[in-house]
Amino acid sequence: MSAGGCGAAGGPGGSDATQVVASSYPLAFVVERVAAERIGSGDVALENLVPPGADSHDLELSPQQVAGLGAADLVVHLGGLQPAVDSALEQDPPEHLVDTERLADLGADPHFWLDPVRMVEVTREVAEELAHVDPDGADSYASAAADLEEDLRALDAEYAEALAGCAGATLVTSHEAFGYLADRYGLEQLGITGIDPHVEPSPARLREVVRTVSGRGVETVFFEAAAGEGVAAALADDLGVRTGVLHPIERVGGDAEDADYLGLMESNLAALRDGLACGA
């Protein structure tokens, strides 16, 4: 697949290439799109610190990766998501850093990339910083960034049109990873668990979800494929509603998965269209 598969040792450029490190898949996707031409020519080498199919939150760095962060020409990161990366960057700051933490402003939820409009901002920042680091590629970065922005704007418009009749609809998810998507398109997210999917829901939380599903005509309980159906399926079965799958676009690049960010967002939209209780 795409950016999720870029590795440290196997980067496309040699020692003279501009070395770029991204600390998670969504950020690597942006870099790969913006720098596609320069990556293809060997002038840029991209490393995604998160291996294909791995969880961004639990990332631990090898000594080689720690050294690579300090030596990189550009690091694209989301501060607060991965303590190991935060610590490494604090100890040995790279010369150029794009930190997207300001875009993750909904409390403890880091999943800002599920809002395509916020990804437009990342695209612009990455293109600008790449042009500073590698002026020879400035025109290429600007052109590719414009193309990606067009794709992201089109995705946003598609979501807005498809979900226009869903304003106020309740989005019941296995955990609260979809707040930015819900906020952008007028949905109300209710997670069976909170931000941390590893915390078991309390009896009070389960009662709240049951009341909401029963009282608001919720038709679908969504879960994440990587985590399995778990409590979401049991709850849906008890209440006689369906289950659906949404992708938080974190664990990307598994054996059976070949879609990129845009493809996964399209899959999420299809699931929402099918599963939400809202008008046409």
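Residues numbered from 1 in each chain as written. Predicted model: local features only at pLDDT ≥ 70, side-chain atom pairs only at ≥ 80, totals over all residues. Heavy atoms only, no water.

A. Geometry of the overall build of the protein. Check the secondary structure of the protein and you find ten helices and eight strands. Taken over the C-alpha trace, the protein has a radius of gyration of 20 Å; the compact-globule value for 280 residues is 19 Å, and the two agree within 12%. For the protein, the C-alpha atoms occupy an extent of roughly 60 × 35 × 35 Å along the three principal directions. Of all 280 residues assigned to the protein, the portion counted as buried reaches 50%. Of the contacts made within the protein by residues no fewer than 6 positions apart, 64% connect residues no fewer than 24 positions apart. For the protein, the exposed area adds up to about 12100 Å²; of that, 47% sits on carbon and sulfur atoms. In the protein, the 14 positive side-chain charges and the 50 negative ones have mean positions that sit 10 Å from each other. (Helix = DSSP H or I, 4+ residues; strand = E, 2+ residues; numbered from the N terminus. Rg over C-alpha atoms; globule rule 2.2 N^0.38 Å. Buried < 20%, exposed > 50% of the residue type's maximum accessible area, 1.4 Å probe, protein only. Contact = heavy atoms within 4.5 Å. Areas by Shrake-Rupley, 256 points an atom, 1.4 Å probe, with all protein chains shown as cover. Lys, Arg positive; Asp, Glu negative; His and termini not counted. Charge placed at Lys NZ, Arg CZ, Asp CG, Glu CD.)

B. The arrangement of the packing of aromatic side chains in detail. Counted by the stated rule, this structure contains four aromatic pairs. For the ring pair Phe112 and Trp113, a centre distance of 5.8 Å and an interplane angle of 70° mean the geometry is edge-to-face. Taken together, Tyr25, Phe29 and Tyr261 form an aromatic cluster joined through their ring pairs. (Phe/Tyr/Trp six-rings, centres within 6.5 Å; stacked < 30°, edge-to-face > 60°.)

C. A look at the sheet that holds strand S7 (residues 220-223). What the four strands build is an open sheet, ordered S6-S5-S7-S8; its pairing is parallel. With partners counted over all chains shown, the strands left at the sheet margins are strand S6 (188-193) and strand S8 (242-245), one partner each. Here the strands of the sheet are splayed against their neighbours by 35° on average, with no regard to which way each runs. In terms of strand pairing, strand S5 (residues 170-175) meets S6 through five bridges, oriented parallel. Paired with Thr173 across the two strands is Gly191, which belongs to S6. (Pairing = 2+ DSSP bridges. Axes fitted to C-alpha atoms, helices over the stretch in contact; angles between N-to-C directions.)

D. Representation of helix H6 (residues 138-162). Between its first and last C-alpha atoms H6 spans 36 Å; for 25 residues at 1.5 Å apiece the expected length is 36 Å, and the two agree. Restricting attention to buried positions, one finds in H6 the residues Ser140, Tyr141, Ala144, Ala145, Leu148, Glu149, Leu152, Leu155, Asp156 and Tyr159. Each element contacted by the buried residues of H6 is listed here: helix H1 (25-34), helix H2 (36-40), strand S2 (44-48), helix H5 (116-133), helix H7 (179-185) and helix H10 (261-275). (Expected span 1.5 Å × (residues − 1).)

E. Inspection of the environment of Val231 at higher detail. Within the secondary structure, Val231 is located in helix H9 (residues 230-239). Overall, the relative accessible area of 35% leaves Val231 in the partly exposed class. Separated by 25 residues in the primary sequence, Val231 and Leu206 place their C-alpha atoms 9.6 Å from one another. If sequence neighbours within four positions are ignored, Val231 has contacts with Ile192, Glu200, Pro201 and Leu206.

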